[in-house]
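Topology and contacts: notes
Here is what each chain is made of, one letter per residue.
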Amino acid sequence: MLSDQTLTGYEPVATYGRYEEAQRAVDYLSDQRFPVQHAMIVGMDLRMVEKVLGRLTYLRAAGMGAATGAWIGLLIGLFFAIFTPGRFPWILVLWSVIWGVVAGAIFGLIAHAFTGGRRDFLSSSAIVANRYELRVTTPQAAEARRLLETGIPQHT
């Protein structure tokens, strides 16, 4: 995480509503042979957004646990299959996946039961900014402004 002290010596040259626009501006500066190592994109007015994806039921908790268990079982089975002599190492992998599914489903159910009904939903969270400032070190700021004013990227 950058502190305010890290921003010392940088001044804003443009502000954008979307991160992709700020990226496009830096890409444009790079295409113009501007020394982009003197630039940074700073997200301003941050907020955390959590999107609720659905209800977390016992069945869904068991399914998610089973899927995780299957991956873990596959990895363990492949590891053992590499070091186990014999004609049918894939059987060992198959049994590891099966036991992984069973154990994962059980652990998924137990973990969901221990929540006691609190937070029984699935969600995805992200930190988003209201706007993005393109900042450049003070000695290069005038040149960056000039290039952006004559170039393609639109800034607000």
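Quick notes on the rules
Residues numbered from 1 in each chain as written. Predicted model: local features only at pLDDT ≥ 70, side-chain atom pairs only at ≥ 80, totals over all residues. Heavy atoms only, no water. Helix = DSSP H or I, 4+ residues; strand = E, 2+ residues; numbered from the N terminus. Rg over C-alpha atoms; globule rule 2.2 N^0.38 Å. Buried < 20%, exposed > 50% of the residue type's maximum accessible area, 1.4 Å probe, protein only. Areas by Shrake-Rupley, 256 points an atom, 1.4 Å probe, with all protein chains shown as cover. Lys, Arg positive; Asp, Glu negative; His and termini not counted. Charge placed at Lys NZ, Arg CZ, Asp CG, Glu CD. Pairing = 2+ DSSP bridges. Contact = heavy atoms within 4.5 Å. UniProt positions renumbered as here; feature names shortened; annotations may be inferred. Polar contact = N/O pair within 3.5 Å; in protein donor to acceptor, adjacent residues only side chain to side chain. Patch = residues over 30% accessible without salt bridge, like charges linked within 9 Å, V, L, I, M, F, W, Y side chains within 5 Å. Salt bridge = Lys/Arg side-chain N within 4 Å of Asp/Glu carboxyl O. Phe/Tyr/Trp six-rings, centres within 6.5 Å; stacked < 30°, edge-to-face > 60°.

Another aspect to go through is the overall build of the protein chain. Looking only at helices and strands, the protein chain has 4 helices and 3 strands in total. Expected size for 156 residues packed as a compact globule is a radius of gyration near 15 Å; at 26 Å, the protein chain overshoots this value by more than 25%. Here the C-alpha coordinates of the protein chain stretch approximately 70 × 45 × 30 Å along the principal axes. When the 156 residues of the protein chain are sorted by exposure, 29% land in the buried category. Surface summary for the protein chain: the accessible area is close to 10,800 Å², and the carbon and sulfur share equals 63%. Considering the protein chain, the positive charge centre built from 14 side chains and the negative charge centre built from 12 side chains are found 12 Å apart.

Of the strand pairs in this sheet, strand 1 (residues 10-16) and strand 3 (residues 121-137) are connected by 6 bridges, and their pairing is antiparallel. When the sheet's bridge partners are listed, Tyr10 is paired in strand 3 with Thr137. Examined bridge by bridge, strand 2 (residues 39-55) and strand 3 share 15 bridges and lie antiparallel to one another. Along strand 3, the bridge assignment pairs Arg55 with Phe121.

So, on to helix 4 (residues 138-150). For helix 4, the complete set of buried residues consists of Ala141, Ala144, Leu147 and Leu148. Contacts made by the buried residues of helix 4 are with strand 1, helix 1 (19-31) and strand 3.

Taking the numbering used here, the UniProt-annotated feature "transmembrane region" (unreviewed entry) corresponds to residues 57-82 and 88-114. As annotated, residues 57-82 has a helix share of 96% and a strand share of 0%, and its two end C-alpha atoms lie 38 Å apart. Taken end to end, residues 88-114 is 96% helix and 0% strand, and its first and last C-alpha atoms sit 40 Å apart.

Before going further, it helps to examine the side chain of His112. Following the sequence through the fold, His112 ends up in helix 3 (residues 89-114). Of the residues examined, His112 reaches a relative accessible area of 9% and is grouped as buried. Here the side chain of His112 touches Leu56 through a polar contact of 3.4 Å, landing on its backbone oxygen. In this structure His112 touches Leu56, Thr57, Tyr58, Ala61 and Asp120, once residues within four positions along its chain are discounted.

This part is about the UniProt feature "domain: General stress protein 17M-like" (unreviewed entry) in the protein chain. Here, the residues flagged by UniProt with the feature "domain: General stress protein 17M-like" (unreviewed entry) are residues 13-85. Within the segment residues 13-85, helix and strand shares are 53% and 29% respectively, and the terminal C-alpha atoms sit 65 Å apart.

What follows concerns a nonpolar patch on the surface. A cluster of nonpolar residues, Phe88, Trp90, Ile91, Leu94, Trp95, Ile98, Trp99, Val102, Ile106, Phe107, Ile110 and Phe114, forms a patch on the protein surface that exposes about 1,300 Å² of accessible area. When you line up the elements, Leu94 lands in helix 3. What makes Leu94 partly exposed here is its relative accessible area of 45%.

A few words on the packing of aromatic side chains. Note on aromatic pairs: each is described by the distance of the centres and the angle between the planes. Taken as a whole and judged by the stated rule, the model has 4 aromatic pairs. Relative to Tyr132, the ring of Tyr19 has its centre 5.5 Å away and its plane inclined at 65°; by these criteria the two rings are edge-to-face. Taken together, the residues Tyr19 in helix 1 and Tyr132 in strand 3 connect sequence positions 113 residues apart. These aromatic residues form a ring-pair network of at least three members: Phe79, Phe80 and Phe83.

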